[in-house]
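# Breakdown of the fold
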Amino acid sequence: MNKLFLKPHFLLILFTLVAWAGIYSSALVSMVHTWNGSNTYNHGYLIPIIVGYLIWEKKTDIQTLNIQPIPWLVLLLLPIQFVQFIGDLSGIMLLEQLAAYAALVVVVVAILGWNIAKVITFPLAYLVFAIPMGEEFVPQLQQITADISVWLLEVSGVPVYRDGLYIYVPNGIFEVAEACAGIRFLIASIALGTLFSYIFFQTTWKRIAFFMLTMSFPIIANGIRAYGIMMIGYHTDMEYATGADHLIYGWFFFSLVLGCLFLIGNAVKEPLPARNNQQENKANPTIKQPNKLLYVTAVSALVLVLPALYKQAFMNLEPAKNKLIQNSSWQAYQVKELGDWQPKFETADQTFKYQLPLKSTSIDIENLAVGVYIANYLQDNQDKELINWGNWQYNKDAWTISNSDSFNKTIDAVEIKSIHLTLKAVGERQRELIYWYQVNDNYSANNKEIKLAQLLDKLKGNSGAGRFVAISFESNGLSKNTLSQTIELIMSSYGKELVERE
């Protein structure tokens, strides 16, 4: 292997890899930032090290094989680069990161050939765990954790009442927050379990079985962990299992679960196959058909840079010159803060907050304060995204969703496809929230629709400008019929101003 790297052909391989790193630099930098900024993905730093070690551990096998480039595999880079182009324009970093991973695998296999690729199949596949993804499953994991913990409380004879993600026991209230979903432990457990299934077992079905165990066991264990915290709180009159006790107990429990998984794997592991020591001297590795290697590296580098060349030559993504909305008649109602429900769109170019009055003689409501939040984005890029996991439609630290449904309303021939959330907080507080996004003439709360609208806008040479609108009010004590009439009254009273542009 070392002899191969001393040959001039290695420069061609290095050139292609440098081209790949340059084209995907923003995706790679974003990946590292996520590893650094999120405890969920801190393990990402270890993945390249593990992959490097696994490949190095295979060096004896690799040294017996010739490099046999596969030119036609370069064609697979075309759809991958199209995905990268779409991800770049639409601001979906996960698409770019997945494209970066797929492009690297294709380039490596196309250059080295099938024989070497078979030897390093697992390290190449394992590299996918470096991509920070999985947090989109947090809401489902919250529900599963709540289901398991409530069922166990009922089996234990503890009086329990559940309202969404709030769980009430006689002497306290628990919330299954996002941090309690167990996503951090689940992702780390799957990554470690996959590695151990590769190390412990040689049979495919056993590897799959152990992988399934490492994926399901942490989910069930997290529900048991939440149940344990609630039981400790219940039996100690909420003196323990809160604050630091909660965290210490959680880490201790998860360490125990990991230990159990590894003990199970070690107990049923299969012996490693015997290595043939004579293999090392079996052959002197060479590069078959050097011209093919030149072709593969040159064409790969060209295909990798195609999206960037097209974007530079044919697209001009300038920020929108006009402000999207600021209704002058509402300036008297502008406020600095909207209370503890306020959305968070920290990267917005403009934010407006209003506290509007609502009066009615036909509906049984007293003077109702309606909060309106508007976030304008004059340009959509990696630093300023209208649709982004870091943007909150409401304060998730203070409120949890009790009910969610769609709410469509047509105002002046404009169809608004919004989402209506019923939010609840500790103390039986209830709040209604209606929100949507706008890009050009698209008014929708569907993330995919809005991303597509921004993509089409950018393909026309525009900036993908858009805005977020949220309307909210306290609904404590309102009947279902009164609530429905109140929402209709709000949209009729203020909807026209919310769909107009300057």
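Because the structure is a prediction, the values reported are computed rather than measured.

Summing up its helical and strand segments, the protein has 16 helices and ten strands in all. Considering only intrachain contacts with a sequence separation of at least 6, the fraction spanning at least 24 residues in the protein is 74%. Approximately 25500 Å² of the protein is accessible, and the part contributed by carbon and sulfur atoms is 60%.

Next up on the list: the confidence of the model for the protein. Put simply, the protein has an average pLDDT of 81, and 86% of its residues get 70 or more. When the elements of the protein are averaged for pLDDT, helix H1 (residues 2-5) gives the smallest value, 48, and helix H9 (residues 121-126) the largest, 92.

So, on to the packing of helix H6 (residues 77-90) against helix H15 (residues 447-459). Between H6 and H15, the least distance of the axes is 9 Å, while the angle of their chain directions is 100 degrees. When the axes of H6 and H15 are compared, the pair comes out roughly perpendicular. Between H6 and H15, the residues in contact are Phe85, Ile86, Asp88, Leu89 and Ser90 and Lys451, Leu455, Lys458 and Leu459, respectively. Among the residues making up the contact of H6 with H15, the classes are represented as five nonpolar, one polar and three charged.

What follows concerns the environment of Gly182. Among the secondary structure elements, Gly182 is positioned in the loop between strand S3 (172-175) and helix H11 (183-200). For the pair Gly182 and Thr145, spaced 37 residues apart in the sequence, the C-alpha separation amounts to 8.4 Å.

Across all of its chains, the model carries nine salt bridges by this definition. Of the charged contacts in the structure, one is a salt bridge between Arg429 and Asp340, with a shortest N-O distance of 2.9 Å. Here Arg429, found in strand S8 (residues 429-439), pairs with Asp340, found in the loop between helix H14 (290-314) and strand S4 (350-358); they are 89 residues apart in sequence, far enough to count as distant. For Arg429, a relative accessible area of 28% translates into the label partly exposed. In this structure Asp340 comes out as partly exposed when scored by relative accessible area, which is 30%. Among the charged side chains, a salt-bridge network with shared partners connects Asp340, Arg429, Arg431 and Glu474.

A few words on a nonpolar patch on the surface. On the surface, Trp72, Leu75, Leu76, Leu78, Trp114, Leu302, Leu306 and Leu309 cluster together into a nonpolar patch covering about 830 Å² of accessible area. Element by element, the count of residues in the nonpolar patch is highest for H14, at three residues. Topologically, Leu306 is positioned in helix H14.

What follows deals with helix H10 (residues 138-155). Over its 18 residues, H10 extends 26 Å from the first C-alpha to the last, a length consistent with the 26 Å expected when each residue adds 1.5 Å. For H10, the set of buried residues is Val138, Leu141, Gln142, Thr145, Ala146, Ile148, Ser149, Val150, Leu152 and Leu153. Positive backbone phi, approximately 80 degrees, marks Gly157, located one or two places after H10.

Bringing the packing of aromatic side chains into the picture now. Geometry of an aromatic ring pair is reported as the spacing of the ring centres plus the angle between the planes. A complete count under the given rule lists 16 aromatic pairs for this structure. Ring plane angle 40 degrees and centroid distance 6.3 Å describe the contact between Trp20 and Tyr24, whose orientation is recorded as tilted. Since its relative accessible area comes to 12%, Trp20 is described here as buried. Judged by centre distance (3.8 Å) and plane angle (0 degrees), the ring pair of Phe122 and Tyr198 falls under stacked. Of the two residues, Phe122 sits in helix H9 while Tyr198 sits in helix H11, which places them 76 residues apart along the sequence. The exposure class assigned to Tyr198 is buried, which follows from its relative accessible area of 17%.

Further remarks concern H6. Given 3.6 residues to a turn, an α-helix orients residues that are three or four positions apart in the same direction. With 14 residues, H6 should cover 20 Å at 1.5 Å per step; its first-to-last C-alpha distance of 20 Å lies within 8% of that length. In terms of burial, H6 is a largely internal element, ten of the 14 residues being buried. Three or more residues of H6 are buried, namely Leu77, Ile80, Gln81, Gln84, Phe85, Ile86, Gly87, Asp88, Leu89 and Ser90. Within two residues after H6, Gly91 carries a phi angle of roughly 75 degrees, on the positive side.

Rules used throughout
Residues numbered from 1 in each chain as written. Predicted model: local features only at pLDDT ≥ 70, side-chain atom pairs only at ≥ 80, totals over all residues. Heavy atoms only, no water. Helix = DSSP H or I, 4+ residues; strand = E, 2+ residues; numbered from the N terminus. Contact = heavy atoms within 4.5 Å. Areas by Shrake-Rupley, 256 points an atom, 1.4 Å probe, with all protein chains shown as cover. pLDDT = per-residue confidence, 0-100. Axes fitted to C-alpha atoms, helices over the stretch in contact; angles between N-to-C directions. Parallel < 35°, antiparallel > 145°, perpendicular 65-115°, else oblique. Nonpolar A, V, L, I, M, F, W, Y, C, P; charged D, E, K, R; others polar. Salt bridge = Lys/Arg side-chain N within 4 Å of Asp/Glu carboxyl O. Buried < 20%, exposed > 50% of the residue type's maximum accessible area, 1.4 Å probe, protein only. Patch = residues over 30% accessible without salt bridge, like charges linked within 9 Å, V, L, I, M, F, W, Y side chains within 5 Å. Expected span 1.5 Å × (residues − 1). Phe/Tyr/Trp six-rings, centres within 6.5 Å; stacked < 30°, edge-to-face > 60°.

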